Every structure is written in structure tokens, then in C-alpha cells.
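# An overview of the molecular structure
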Protein chains: 2
Amino acid sequence: MPIKPEVLKINPCAKSRLFLIEEMQLRFSNGVERTYERLANRGNGAVMMIPLDQDNNLLLIREYAGGIDAYTLSLPKGAIDPGESMFEAADRELKEEIGFGAQRIQFLKELTTAPNYMGHKLQALLARDLYPCLLEGDEPEPLEVVKWPLADIDNLVMNPEFTEGRAIAGLYLARHFIENNP
Amino acid sequence: MPIKPEVLKINPCAKSRLFLIEEMQLRFSNGVERTYERLANRGNGAVMMIPLDQDNNLLLIREYAGGIDAYTLSLPKGAIDPGESMFEAADRELKEEIGFGAQRIQFLKELTTAPNYMGHKLQALLARDLYPCLLEGDEPEPLEVVKWPLADIDNLVMNPEFTEGRAIAGLYLARHFIENNP
């Protein structure tokens with residue numbers, strides 16, 4: 001393994017209500033110095049769920065995405081609240097976003113988003129044995145839930161409304177996990 | 001399809017050398033108003049390449065990722081320069097990052113990164129028919145190139161050093177494309 005650069009300094013350089021941008025002074029092992037910027041990882045992390053019903057349908061959400069000013073088809077996601085485990089956060093977010101709890105939630109992988117310039121990590125979790133249970137969330141409008149057969153994910157990932165890299169990764173990780181853990 | 005929220009106002013609210021954070025005032029079709037923040041999409045977009053050699057090995061890079069302060073295994077990526085097509089950018093970045101050009105570069109999909117709060121889009125491109133050609137890039141240290149058999153991506157995506165959601169998505173998109181376009 002290569003020798004990690006030495007972090008000479010980390011300074012906040014811009015801040016908004018939700019985001020914190022940091023400047024990093026780095027010295028690489030070959031002596032080269034660089035200044036990097038990154039979006040700091042705040043909060044307690046986040047979860048992304050791959051919910052699967054008893055008929056092997058994925059439960060997707062159609063949601064307005066401000067970053068691209070468009071509705072997108074994606075997987076339910078949300079922040080982990082203080083004191084919550086990732087499994088508790090997943091169960092709560094499912095109830096808020098798709099109106100189901102899950103009796104069986106299994107860890108698939110910790111994903112990074114854009115690790116070169118973001119600290120954000122996302123826990124990908126498979127959610128099965130669903131039961132109806134709706135919790136009030138903080139969504140500005142109800143999310144539309146869309147069923148999609150797991151067997152048809154090759155078409156889903158080519159759908160122009162389904163574009164989020166982390167969600168595409170989550171689907172394939174889930175399919176691979178289920179093949180080995182039915 | 002749902003009716004898109006009305007964008008009442010977009011204002012820059014924090015800015016650094018690389019990042020611009022915007023505040024969006026939104027009115028959803030049910031009348032609910034919300035203020036969102038997002039990371040604006042600057043520049044000309046970016047490319048991510050899935051390079052495959054004649055023996056069906058993926059060519060990965062091991063690179064220091066400032067966002068998580070660790071070395072990661074990922075796919076070569078880079079910004080599209082002004083005036084470049086995505087294919088030209090891909091060919092140049094491959095030469096800079098792995099020391100190969102590609103005679104056949106095929107479009108797989110436009111990926112989003114975290115569309116709820118980021119405008120960033122990434123063009124996923126399969127690169128084949130590689131030939132040695134090294135261009136000087138702006139990396140602070142040479143990147144390590146790691147060969148990995150395409151047939152073994154199920155193990156690669158579970159590797160704790162390979163975590164980027166967009167890269168995992170890119171691998172599976174490439175494998176699916178190759179099955180239909182050998």
C-alpha cells in the first residue's frame with residue numbers, strides 16, 4: 001500500500017445551513033504539496049434501503065430531487081438520527097417514505113459517494129419481510145411508491161429516470177446477496 | 001408524472017474555490033413551500049471510464065481520496081475540459097491516469113451522484129481496444145494501476161477498498177453492456 005499523504009492542516013473555508021467545505025493542506029510521500037477541498041461529513045451518516053416485498057418486487061420511490069430539479073426514481077434513503085442504529089434508522093425511514101416497516105434488515109456494504117471530494121458514507125441495507133406501517137415524515141409531499149420486479153433490474157438501471165449511481169450499486173449488491181442468502 | 005415544484009428563487013449562499021452552494025425556494029404543487037440547499041453543477045461535466053484490456057481485465061486505479069482521507073480502489077474519472085467531447089475527455093484522462101488510450105469508447109449511461117442535493121452528472125463510458133500512451137496529468141503522485149478480471153466483479157464490489165457507489169454501478173453497467181455487445 002502507498003504511504004498516505006501527511007495532512008498538514010484542515011480549515012473550514014465555506015459553510016451553509018447544510019454544508020461545510022474544508023480546505024486540506026497535504027504533503028504527499030514524494031514531497032509534493034497540494035491544497036484540496038472537500039465537503040465534510042456531518043451528522044451521523046445515512047442509510048439507503050433496498051426494500052423487497054414477498055413477491056420479489058423492489059419498492060422504489062419517485063421523489064423531487066432539488067440537485068437536478070427533476071423527479072427521479074430511486075431507493076428510499078435518509079439520515080441516521082442521533083442515538084439510532086443504522087437498522088433503526090432504516091426501519092423508520094421505510095415507514096416514513098414507503099409506508100412499510102421491515103422485520104429483516106441486512107447490511108450489504110458501506111458506500112462512498114464521491115470520495116475524492118466528499119466524506120459522505122451511506123450504509124446499503126436489504127429490507128425484507130415488510131409489513132404495513134406508516135409514520136409521518138418531513139416530506140413536503142407524499143412520495144409515490146413504484147413496484148419493480150427484482151428480476152428486471154437490468155431494465156431498471158437503463159431507465160432514464162433511475163440515474164443515481166449509489167442506487168444502481170445498491171440494486172446489484174442486493175441481487176448478489178439474495179442469490180447467496182435467499 | 002407528478003407536477004414539478006415551482007422554483008421561486010435560487011440564490012448562491014456559500015462559495016469556495018471549487019464549490020458553489022445554492023439555496024432554492026420551492027413551492028410544491030400542493031402549496032407547501034420549502035427551502036432546499038444544493039451543491040451546484042459547475043464546469044462541463046465529468047466522465048468515468050471502465051477500461052477493459054484484451055484479456056478482459058479491468059484496469060483500476062488506487063488513488064488518495066481527500067474526502068475520506070484514505071487510498072481507494074476505483075475507476076479512472078475526470079472533468080471534461082471546455083470544447084472537449086465526453087469521448088475525447090475519456091481518452092485523455094485514460095492516458096493521464098492509467099497510461100493507455102482507447103480506440104473504442106462506448107457510452108453506457110449518465111449517472112447522478114446524490115441528485116437530492118447535488119447537480120453533478122457523470123458519463124459512464126466503456127473503454128476497449130487499449131494501446132499504451134502516457135500523458136502527463138496533474139496528479140501529485142503517479143496512480144497505481146490494478147488489474148482485476150471482469151469475471152470477478154462480484155468479489156471486487158465487496159472489497160473494502162472499493163466503495164464508490166458510482167464505480168460499482170459502472171462495473172455492473174459495463175458487464176451488462178458487454179454481454180449484449182461483445
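Our subject is the structure listed above.
Read on for a plain summary of the structure.

Parameters and conventions
- Residues numbered from 1 in each chain as written.
- Chains lettered and ligands numbered in written order.
- Predicted model: local features only at pLDDT ≥ 70, side-chain atom pairs only at ≥ 80, totals over all residues.
- Heavy atoms only, no water.
- Helix = DSSP H or I, 4+ residues; strand = E, 2+ residues; numbered from the N terminus.
- Buried < 20%, exposed > 50% of the residue type's maximum accessible area, 1.4 Å probe, protein only.
- Contact = heavy atoms within 4.5 Å.
- Areas by Shrake-Rupley, 256 points an atom, 1.4 Å probe, with all protein chains shown as cover.
- Lys, Arg positive; Asp, Glu negative; His and termini not counted.
- Charge placed at Lys NZ, Arg CZ, Asp CG, Glu CD.
- Phe/Tyr/Trp six-rings, centres within 6.5 Å; stacked < 30°, edge-to-face > 60°.
- Pairing = 2+ DSSP bridges.
- Axes fitted to C-alpha atoms, helices over the stretch in contact; angles between N-to-C directions.
- Polar contact = N/O pair within 3.5 Å; in protein donor to acceptor, adjacent residues only side chain to side chain.
- Expected span 1.5 Å × (residues − 1).
- Buried area = accessible area lost by both parts, 1.4 Å probe.
- Salt bridge = Lys/Arg side-chain N within 4 Å of Asp/Glu carboxyl O.
- Nonpolar A, V, L, I, M, F, W, Y, C, P; charged D, E, K, R; others polar.

### Considering the overall build of chain A
Each helix and strand in chain A was counted, giving three helices and ten strands. Starting at the N terminus, the α and β elements of chain A follow one another as β-β-β-β-β-β-β-α-β-β-β-α-α. Dimensions along the principal axes, computed over C-alpha positions, put chain A at roughly 55 × 35 × 35 Å. When each of the 182 residues of chain A is scored for burial, the buried share is 55%. Partitioning the intrachain contacts of chain A with sequence separation of at least 6 by distance along the chain shows that 57% fall at a separation of at least 24. Element-wise, carbon and sulfur atoms account for 49% of the exposed surface of chain A, whose accessible area totals about 7,900 Å². Each charge class in chain A can be summarised by its mean position, and for the 19 positive and 28 negative side chains these summaries are 8 Å apart.

### Here we look at the packing of aromatic side chains
Counted by the stated rule, this structure contains eleven aromatic pairs over all chains. Seen from their ring centres, Tyr64(A) and Tyr71(A) are 5.8 Å apart, and the 65 degrees between their planes marks the pair as edge-to-face. The burial state of Tyr64(A) is the same as that of Tyr71(A); both residues are buried. Judged by centre distance (6.4 Å) and plane angle (45 degrees), the rings of Tyr64(A) and Tyr36(B) are tilted.

### A short note on the environment of Leu75(B)
Within the secondary structure layout, Leu75(B) lies in the loop between strand E6 (70–74) and strand E7 (77–79). Sequence separation between Leu75(B) and Met24(B) is 51 residues; the distance between their C-alpha atoms is 33 Å.

### Examining the sheet that holds strand E5 (residues 57–65) of chain A
All names here are of chain A. Ordered in space as E6-E5-E10, the three strands form an open sheet in which the pairing is antiparallel. The open sheet terminates on both sides in strands that have one partner only, identified here as strand E6 (70–74) and strand E10 (144–149). Sheet twist, expressed as the average angle between the axes of neighbouring strands with direction ignored, equals 30 degrees. Bridging between E5 and E10 involves six bridges; their strand directions are antiparallel. Residue pairing across strands places isoleucine 61 opposite valine 145, the latter belonging to E10.

### Brief notes about the environment of Lys4(A)
Looking at where Lys4(A) falls in the secondary structure, it is placed in the segment before strand E1 (6–15). Overall, the relative accessible area of 40% leaves Lys4(A) in the partly exposed class. Along the chain, Lys4(A) and Tyr131(A) lie 127 residues apart, while their C-alpha atoms are 47 Å from each other. When neighbours within four sequence positions are excluded, Lys4(A) is seen to be in contact with Asp69(B) and Tyr71(B). Polar side-chain contacts of Lys4(A) include one of 3.0 Å to the backbone oxygen of Asp69(B).

### Section: helix H1 (residues 86–97) of chain B
All names here are of chain B. In a regular helix each residue adds 1.5 Å, so twelve residues correspond to 16 Å; H1 covers 16 Å between its end C-alpha atoms and thus fits that length. Burial runs high along H1: nine of the twelve residues are buried. Ala89, Ala90, Asp91, Arg92, Glu93, Leu94, Lys95, Glu96 and Glu97 are the residues of H1 that are buried. As for H1, its buried residues are in contact with strand E4 (46–51), strand E5 (57–65), E7, strand E8 (100–112), strand E9 (121–132) and strand E10 (144–149). Positioned one or two residues after H1, glycine 99 has a phi angle of 75 degrees, which is positive.

### What to know about the sheet that holds strand E8 (residues 100–112) of chain A
All names here are of chain A. As summarised here, the arrangement of the four strands in space is E7-E4-E9-E8, forming an open sheet in which the pairing is mixed. Across the chains shown, the open sheet's two edge strands, defined by having one partner strand only, are strand E7 (77–79) and E8. Here the average twist between neighbouring strands, direction ignored, is 30 degrees. Bridge analysis of strand E4 (residues 46–51) against E7 gives three bridges, and the strand direction is antiparallel. What sits directly across from alanine 46, in E7, is alanine 79. Of the strands in this sheet, E4, E7, E8 and strand E9 (121–132) are in contact with helix H3 (residues 165–180), which crosses E8 at around 110 degrees.

### Notes on the interface of chain B and chain A
On the side of chain A, 70 residues touch chain B, which itself brings 70 residues to the contact. Taking both sides of the interface into account, the surface hidden between chain B and chain A amounts to around 6,200 Å²; carbon and sulfur atoms contribute 60%. Inspection of the region where chain B meets chain A yields four salt bridges. Lys4(B) is the partner of Asp69(A) in a salt bridge, and the nearest nitrogen-oxygen pair spans 3.1 Å. The interface formed by chain B and chain A contains 37 residue pairs in polar contact (both at pLDDT 80 or more). Residue assignment for the side of chain B that touches chain A shows that the elements contributing at least two residues are strand E1 (6–15), strand E2 (20–27), strand E3 (33–39), E5, E8 and helix H3 (165–180) of chain B. Take the side of chain B that touches chain A: its biggest share by element is seven residues, from H3(B). Here the side of chain B that touches chain A is composed, by residue class, of 35 nonpolar, 15 polar and 20 charged.

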